[in-house]
Amino acid sequence: MAYDRPTRNKVRAKYVQGLPLATAAEACKVPYNTARNWKRQDADDGNDWDLTRNARRMTKSGVEDMANEVLGELAEQFLATLEAVKKDPKMPADKRADIMVRLMDGYNKAIGAASRAMPNANRLAVAMDVFKFLSTFIASRYPKHRGAFIEIMEASADDLAREFGSGGA
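As the structure is a computational prediction, the values presented were derived from the model and not from experiment. (Residues numbered from 1 in each chain as written. Predicted model: local features only at pLDDT ≥ 70, side-chain atom pairs only at ≥ 80, totals over all residues. Heavy atoms only, no water.)

Draft legend 1. Representation of helix 3 (residues 32–44) in the model. Taking 1.5 Å of rise per residue, the 13 residues of helix 3 would be expected to cover 18 Å, and the 18 Å separating its terminal C-alpha atoms lies within 8% of that figure. Turning to helix 3, its buried residues are Ala35, Trp38, Lys39 and Asp42. Buried residues of helix 3, seen end-on, are gathered within an arc of 95° and therefore sit on one face of the element. Just downstream of helix 3, Gly46 is the residue with a positive phi angle, here 90°. (Helix = DSSP H or I, 4+ residues; strand = E, 2+ residues; numbered from the N terminus. Expected span 1.5 Å × (residues − 1). Buried < 20%, exposed > 50% of the residue type's maximum accessible area, 1.4 Å probe, protein only. Arc of directions from axis to C-beta.)

Draft legend 2. Representation of the environment of Ala24 within the structure. As for its placement among the helices and strands, Ala24 is situated in helix 2 (residues 21–27). The class for Ala24 is buried, based on a relative accessible area of 0%. Through-space distance from the C-alpha of Ala24 to that of Ala35 is 8.4 Å; in sequence the pair is eleven residues apart.

Draft legend 3. Summary view of unusual backbone geometry. Residues other than glycine seldom take positive phi values, yet Lys29 does so here, at roughly 60°. Mapping Lys29 onto the fold places it in the loop between helix 2 and helix 3.

Draft legend 4. Looking closely at the environment of Gln77. Looking at where Gln77 falls in the secondary structure, it is placed in helix 5 (residues 61–86). Between the C-alpha atoms of Gln77 and Leu103, which are 26 residues apart in sequence, the distance is 8.9 Å.

Draft legend 5. How the structure looks around the pattern of salt bridges. Tallying each qualifying case throughout the model produces four salt bridges. Note that Asp98 is salt-bridged to Arg102, the shortest N-O span being 3.0 Å. One end of the pair, Asp98, and the other, Arg102, are both in helix 6 (residues 93–116), four residues apart, so they sit about a helical turn from each other. (Salt bridge = Lys/Arg side-chain N within 4 Å of Asp/Glu carboxyl O.)

As far as function goes, none of this settles anything; it's purely spatial.
So this is what it looks like as structure tokens:
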């Protein structure tokens, strides 16, 4: 059975929003294998559903939360190591200094990596945040145009993912 583009977009949207692919397909009354083929075909065409899904998770505070979680874990390890160093009075000063330098170096590298992590997903996350803002703005100020805006958003989803998810400028 052939399915229209809006059905394919609905499956994709449900998957990107966090549903497992099988659940998204079932919700749209599409066989799982069909949805899996669409996902694979789109990935081959530069529209990676997983990248879009990850970008959605990273929107707004997502990147911050992830970076804070990693940095928080590093801070805990830093403090635990510092306590261990304090409890060892026989440890030479040069060894203590070496441990501290390595900890700070690791922490600084983690901060740098967090800011550079997945730049394509970050671009896509920002683009998706803009769409989300516009959707809310239009719904509150121009409610009669919201349906048309949603139609445009759904139709442009593939192009949005290609443009902002692939590193294109």
